[in-house]
Amino acid sequence: MNLLAISDLHLSHPSNRSALGELGHYPGDWLIVAGDVGSAPDHLRLALDVVVPRFGQVLWTPGNHDLWASASHPETTRGEARYDDLVAICRSYGVTTPDDEYPVFPAVPDTVVVPMFLLYDYSFRPPHVPREQAVAWAAESGVRCADERLLDPAPHRSRAAWCAARVRATEARLLALGPGTRTILVNHWPLRHDLARPPRIPRFSVWCGTRLTEDWGTRFGARVVVSGHLHLRSTLARDGVRYEEVSLGYPRDWRRARGVDAYLRHILPEAPVRWTRDPFLDRTATV
């Protein structure tokens, strides 16, 4: 039995939709879908129609695109109500969400899989940049994020406030886990600032996570931390914890000829130690 992961399916792109339909069958394995399935609830339904019959269990957490709502579709729920709608869709398929009990992975009995929804709070920025200037600082380099228009935080006063509420609630649940429990932490956004600086657009980091989770990998006994969002697949190590970025991405970010199966990332059982280039620190990292 394997625990596999993928994120950023971006099914708003027709080529990604057709490629997902060619995915193989893994009836004995579990699959993590770590956010950005698409930009509409129907994209989530489409994905679950494909993956749920092909895996033994599916676990899901949302990304920013999943929560987008545009003025051209006023009937679409937004903010926390949109998240609740996506959770309801997942539960109708028997998919585990961040609001459900954390399941034990049967092949590694002391390990629970923890899907999380934590958002970001603009704290992934240099110390000299005030919080209220973070978006403008990113824009100075030509970097902007559609979340500023499309990701409504209602009823929270801001995305940062929503992030703080989600972090508090998730932290309390993690603290309640039994002593010695090992975890697989899953979040769409990276948990650490040093893993959230895309080389070509480093200032995009302000939309990539929160410093409140910097030590969660070690603090909560993670065997592996899974994230997406960056469209930069990697296997890196920090403080003895393995960090897997598991994005598929937009059509330009992957090779259709390889098929989606080639982009499923192996999370458990533990893979052999190998070396990988660290794109952020320009050095190798062991895992």
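Below: a short report on this structure. All of these numbers come straight from a predicted model, not from anything done at the bench. (Residues numbered from 1 in each chain as written. Predicted model: local features only at pLDDT ≥ 70, side-chain atom pairs only at ≥ 80, totals over all residues. Heavy atoms only, no water.)

The number of helices and strands found in the protein chain is seven helices and eleven strands. By principal-axis analysis of the C-alpha atoms, the protein chain measures approximately 50 × 45 × 40 Å. When the 287 residues of the protein chain are sorted by exposure, 55% land in the buried category. A total accessible area of about 12,100 Å² is found for the protein chain, and carbon and sulfur atoms account for 52% of it. Between the centroid of the 34 positive side chains of the protein chain and the centroid of its 33 negative side chains there is a distance of 4 Å. (Helix = DSSP H or I, 4+ residues; strand = E, 2+ residues; numbered from the N terminus. Buried < 20%, exposed > 50% of the residue type's maximum accessible area, 1.4 Å probe, protein only. Areas by Shrake-Rupley, 256 points an atom, 1.4 Å probe, with all protein chains shown as cover. Lys, Arg positive; Asp, Glu negative; His and termini not counted. Charge placed at Lys NZ, Arg CZ, Asp CG, Glu CD.)

Turning our eyes to something else, we now look at the sheet that holds strand 1 (residues 3-6). As summarised here, the arrangement of the four strands in space is 3-2-1-9, forming an open sheet in which the pairing is mixed. Each edge of the sheet is formed by a strand with only one pairing partner; in this case those strands are strand 3 (55-61) and strand 9 (265-268). Each neighbouring strand pair of the sheet contributes to a mean axis angle of 30°, computed without reference to strand direction. The sheet contact formed by strand 1 and strand 9 spans three bridges and is antiparallel. The partner of Leu3 across the bridge, within strand 9, is Leu268. (Pairing = 2+ DSSP bridges. Axes fitted to C-alpha atoms, helices over the stretch in contact; angles between N-to-C directions.)

What follows covers the side chain of Arg223. Structurally, Arg223 is set in strand 6 (residues 222-227). Assessed through its relative accessible area of 19%, Arg223 is described here as buried. In terms of polar contacts, Arg223 uses its side chain to reach the side chain of Asp110, at 3.1 Å. Within the structure, Arg223 has its side chain in polar contact with the side chain of Thr111 (distance 2.7 Å). Setting aside its immediate chain neighbours within four residues, Arg223 contacts Val108, Asp110, Thr111, Arg182, Thr183, Ile184, Val241, Arg242, Leu268 and Glu270. (Polar contact = N/O pair within 3.5 Å; in protein donor to acceptor, adjacent residues only side chain to side chain. Contact = heavy atoms within 4.5 Å.)

Glancing now at the nonpolar core. Judged by nonpolar contacts, the single largest core of 70 residues is most densely connected at Val51, Trp60, Leu185, Trp207 and Trp216. Not counting the four nearest positions on each side in its chain, Trp216 is found in contact with Met116, Leu118, Val167, Thr170, Glu171, Leu174, Leu185 and Leu191. The next biggest cluster of nonpolar side chains, apart from the first, holds 16 residues, and it includes Trp30, Val108, Val224 and Leu268. (Core = buried A, V, L, I, M, F, W, Y, C linked by side-chain atoms within 4.5 Å.)

This structure, assessed with the given rule, holds 14 salt bridges. The residue Arg252 makes a salt bridge to Asp253 at a minimum N-O spacing of 3.9 Å. One continuous salt-bridge network, built from bridges that share partners, spans Arg192, Asp194, Arg238 and Asp239. (Salt bridge = Lys/Arg side-chain N within 4 Å of Asp/Glu carboxyl O.)

With respect to the helices, strands and loops of the structure, Arg54 is situated in the loop between helix 2 (41-51) and strand 3. Side-chain polar atoms of Arg54 contact the backbone oxygen of Leu23, separated by 2.3 Å. Among residues more than four places away in sequence, those in contact with Arg54 are Leu20, Gly21, Glu22, Leu23, Gly24, His25, Tyr26 and Pro27.

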